[in-house]
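Residue strings, one per chain:
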Amino acid sequence: MSETPLLTVVVPCYNEEEVLEDTMKKLHNLLEELVHEKLVHPKSNLLFVDDGSRDKTWSIIAKESVHHPWIKGLKLARNVGHQKALIAGLEKAAEVADCAISIDADLQDDIKAIKEFLVKFHEGYDIVYGVRRRRTTDTFFKRSTALGFYRCMNKLGIELIYNHADFRLMSKRALTELHRYKEKNLFLRGIIPLIGLNTAEVFYDRKERLAGESKYPLKKMLSFAFDGITSFSVKPIRFITYIGFFLFLLSGFAFLYAFVQKLLGSADSGWTSIIVSLWFLGGLNLIGIGVVGEYIGKIFTEVKARPHYGVDIDLYTGSLTGEKSE
Ligand code: UDP
Ligand code: MG
């Protein structure tokens, strides 16, 4: 790697005409500052990924890229959503840059933290997470749903960086590792901690959106959370099996209870057989579904074909993962 790393800032954009020019200006000023301080290579650039916008987003990117060599653009064929747009940008960055930073087009994340990201990168960290100090700019609803989401993911054994969105730096090594995860439902916030390598956190305050409105309505947020859970955990399936066993057990007690009632002669006629068979069959059904689910869960993990491990240092070849051998 050269002394000063070539940085690509990846910015996914969906209908962001209202903020884009301002964002370009601010990020360019920052790039100049970073080049001046020799933190990044002069050829560092900004990569705007247009995620099938229906407004003037792409024409702004195309126009600006003609005049400014530091502005690059990637126009996706249709709207594929924030995560996939981000992946498209990161894949491009892995080809051309030494490190990439992802940030939202509305610059709600404080770009001042970027300098700290790079300082950490120079110290040898491969992944630097931007972590929000507090969530005061969020509505009460978003705050509490986010907290619930983190708790739920935690319970399911999925490691997430608390209060970290997709504002982070990744080295070329980390980007190369990321692309070994071939699964289609790539939930970046869950996958990146799995990569390992040297990681650091930088704290910042998140601001209000500059202009325009959030492109993450409740519906998208829910599907994002659901995707996150189902692409990482088969525990919900196991839960069904547990309920099945519980009901099955209950049917045993119900049977004993009903039997005693019958002996005492205090049971209504028909009650015993209905209740016992209801619990029994219900439990049996759920166990059956759970067992089938377990096998589907196995197929699900196999199909994802995640790498078994990533190598940090290999003294056989002396090379680091993702680093080109000259
Ligand atoms: N975005 C995208 N595709 C989409 C939705 C959003 O590329 O389908 C981008 C959007 O332009 C922004 C980022 O994802 O750069 C985050 O969106 P937003 O700021 O609206 O989300 P919020 O900050 O409200 O969670
Ligand atoms: Mg935003």
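The structure reproduced in this document is the subject of the present report.

The rules behind each value
- Residues numbered from 1 in each chain as written.
- Chains lettered and ligands numbered in written order.
- Predicted model: local features only at pLDDT ≥ 70, side-chain atom pairs only at ≥ 80, totals over all residues.
- Heavy atoms only, no water.
- Axes fitted to C-alpha atoms, helices over the stretch in contact; angles between N-to-C directions.
- Helix = DSSP H or I, 4+ residues; strand = E, 2+ residues; numbered from the N terminus.
- Parallel < 35°, antiparallel > 145°, perpendicular 65-115°, else oblique.
- Left-handed = near helix turned anticlockwise from the far one by under 90°.
- Pairing = 2+ DSSP bridges.
- Contact = heavy atoms within 4.5 Å.
- Buried < 20%, exposed > 50% of the residue type's maximum accessible area, 1.4 Å probe, protein only.
- Donors = N, O, S within 2.8 Å, 3.2 Å for Na, K, Ca; no water.
- Phe/Tyr/Trp six-rings, centres within 6.5 Å; stacked < 30°, edge-to-face > 60°.
- Right-handed = clockwise from strand over helix to strand, strands pointing away.

Below, the discussion takes up the packing of helix 9 (residues 235–264) against helix 10 (residues 271–304). Viewed as axis vectors pointing N to C, helix 9 and helix 10 meet at an angle of 160°, and their least axial separation amounts to 7 Å. The angle between helix 9 and helix 10 places the two elements in the roughly antiparallel class. In the packing of helix 9 onto helix 10, the handedness of the crossing is left-handed.

Attention now goes to the sheet that holds strand 2 (residues 45–50). The sheet built from seven strands is open, its strands ordered 3-2-1-4-6-5-7 with mixed pairing. Edge positions in the open sheet fall to strand 3 (71–75) and strand 7 (199–204), since each of these has one partner strand only. Neighbour-to-neighbour, the strand axes of the sheet open up by a mean angle of 20°, direction not taken into account. In this sheet, strand 6 (residues 168–171) lies alongside strand 5 (residues 127–132) in antiparallel orientation, the contact comprising three bridges. Counted as the bridge partner of Tyr 129 is Arg 168 from strand 6. Against the sheet, helix 1 (residues 17–36) makes contact with strand 1 (7–13), strand 2 and strand 3, and its axis sits at roughly 155° relative to strand 2, the strand it touches most. Against the sheet, helix 7 (residues 188–195) makes contact with strand 5 and strand 6, and its axis sits at roughly 45° relative to strand 6, the strand it touches most.

One non-glycine residue, Leu 107, lies in the positive phi region at around 50°. Here Leu 107 falls in the buried class, since its relative accessible area comes to 7%. Positive phi, normally seen in glycine, also occurs at Asn 163, with a value near 60°. For Asn 163, a relative accessible area of 8% corresponds to the buried category.

This brings us to the coordination of the magnesium ion (ligand 2). Octahedral six-donor coordination of a metal ideally yields angles of 90 or 180 degrees, compared with 109.5 degrees for tetrahedral four-donor coordination. All of the protein donors around the magnesium ion (ligand 2) are Asp 106 (OD) and Gln 108 (OE1); their distances to the metal are 1.9 Å. Overall, the relative accessible area of 3% leaves Asp 106 in the buried class.

This part covers the packing of aromatic side chains. Scanning the entire structure with this criterion turns up six aromatic pairs. Taking 6.4 Å as the distance between ring centres and 85° as the angle between the ring planes, the aromatic pair formed by Phe 149 and Phe 187 counts as edge-to-face. Taken together, the residues span a long stretch of sequence, with Phe 149 in helix 5 (residues 140–155) and Phe 187 in the loop between helix 6 (172–178) and helix 7 at a distance of 38 residues. Overall, the relative accessible area of 15% leaves Phe 149 in the buried class. Classification of Phe 187 by relative accessible area gives buried; the value is 3%. Ring plane angle 65° and centroid distance 4.9 Å describe the contact between Tyr 150 and Tyr 162, whose orientation is recorded as edge-to-face. On the criterion of sequence distance, the pair formed by Tyr 150 in helix 5 and Tyr 162 in the loop between helix 5 and strand 6 is long-range, its members being 12 residues apart. These aromatic residues form a ring-pair network of at least three members: Phe 149, Tyr 150, Tyr 162 and Phe 187.

What follows concerns the pairing of strand 2. Burial runs high along strand 2: six of the six residues are buried. Alternating residues of strand 2 divide into Asn 45, Leu 47 and Val 49 and Leu 46, Phe 48 and Asp 50, and every residue in both groups is buried. One ladder, built from six bridges, connects strand 1 with strand 2; its direction is parallel. Its bridge partner lying in strand 2, Val 10 is registered against Leu 47. Between the parallel pair strand 1 and strand 2, the chain is carried across by helix 1, and the sense of this crossover is right-handed. Where strand 2 and strand 3 come together, five bridges link them in parallel fashion.

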